[in-house]
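Residue-level listing of the chains:
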Amino acid sequence: MLSLTKTVALLSCAAGLALSFTGDITYYEPGLGACGETSTDSEHVVALSPAQFAQDPNVCGKTIQISSGSGVTTTARVVDKCPGCSADSIDVSSTVFQLIAPLTVGRTQVEWDFIS
């Protein structure tokens with residue numbers, strides 16, 4: 001039996017609709033990530049939750065678009081897994097985070113979706 005989330009995702013894909021997620025955004029110091037590549041803090045990179053990796057085992061290398069409540073939008077490439085993130089939360093390089101909010105904020109809420 002399909003869960004409601006998976007059913008909505010399947011219907012959205014079939015209809016050609018983008019599925020967006022709402023969750024917390026935090027920042028971390030990138031290095032050797034779960035996708036097998038080494039990234040630096042100056043890159044636009046993101047770590048997704050284990051739930052996102054479970055839904056799409058080929059998530060590495062995909063690009064997401066991140067939008068803040070204040071209208072700021074940026075992108076980041078999936079390079080790592082964030083074991084402490086809830087299902088729809090993301091962890092990004094400080095370079096990306098600073099485009100959304102000051103580092104002193106530490107955590108805020110965003111909407112994001114896959115664009116490639």
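The structure we're discussing is the one just above.
**Student:** A description of the pairing of strand 1 (residues 20-28) should follow, citing residues and the corresponding values.
**Tutor:** In the case of a regular strand, side chains alternate between the two sheet surfaces. Taken together, the six bridges between strand 1 and strand 6 (residues 108-114) define a ladder with antiparallel strand orientation. Looking at strand 6, one finds that Phe21 is bridged to Trp112. For strand 1 and strand 5 (residues 90-93), the ladder comprises four bridges, and the chain directions are parallel. What sits directly across from Tyr27, in strand 5, is Val92.

**Student:** Outline the environment of Gly69, listing residues and values.
**Tutor:** Its place among the elements puts Gly69 in the loop between strand 3 (63-68) and strand 4 (73-81). Given the relative accessible area of 83%, Gly69 is considered exposed. A sequence separation of 31 residues divides Gly69 from Ile100, and the C-alpha atoms of the two residues are 9.0 Å apart.

**Student:** Give me the sheet that holds strand 6: which residues, what numbers.
**Tutor:** Strand-to-strand pairing in sheets goes through backbone hydrogen bonds, with the strands running parallel or antiparallel. As summarised here, the arrangement of the six strands in space is 1-5-2-4-3-6, forming a closed barrel in which the pairing is mixed. Ignoring strand direction, the axes of neighbouring strands in this sheet form an average angle of 45°.

**Student:** Give me the pairing of strand 5: which residues, what numbers.
**Tutor:** In this structure, strand 2 (residues 45-48) lies alongside strand 5, joined through three bridges in antiparallel fashion. Bridge pairing links Val46 to Val92 in strand 5.

**Student:** Any details on the pattern of salt bridges? Residues and values, ideally.
**Tutor:** Throughout the structure, instances matching the rule amount to four salt bridges. Residue Arg107 pairs with Asp24 through a salt bridge whose shortest N-O separation is 3.2 Å. With a gap of 83 residues between them, Arg107 in the loop between helix 3 (94-100) and strand 6 and Asp24 in strand 1 connect regions that are remote in the sequence. For the salt bridge of Arg77 with Glu43, the shortest nitrogen-to-oxygen distance reads 3.7 Å. One end of the pair, Arg77, is in strand 4; the other, Glu43, is in the loop between strand 1 and strand 2, and 34 residues separate them in sequence. With a relative accessible area of 26%, Arg77 lands in the partly exposed category. For Glu43, a relative accessible area of 26% translates into the label partly exposed.

What counts, and where the lines are drawn
Residues numbered from 1 in each chain as written. Predicted model: local features only at pLDDT ≥ 70, side-chain atom pairs only at ≥ 80, totals over all residues. Heavy atoms only, no water. Pairing = 2+ DSSP bridges. Helix = DSSP H or I, 4+ residues; strand = E, 2+ residues; numbered from the N terminus. Buried < 20%, exposed > 50% of the residue type's maximum accessible area, 1.4 Å probe, protein only. Axes fitted to C-alpha atoms, helices over the stretch in contact; angles between N-to-C directions. Salt bridge = Lys/Arg side-chain N within 4 Å of Asp/Glu carboxyl O.

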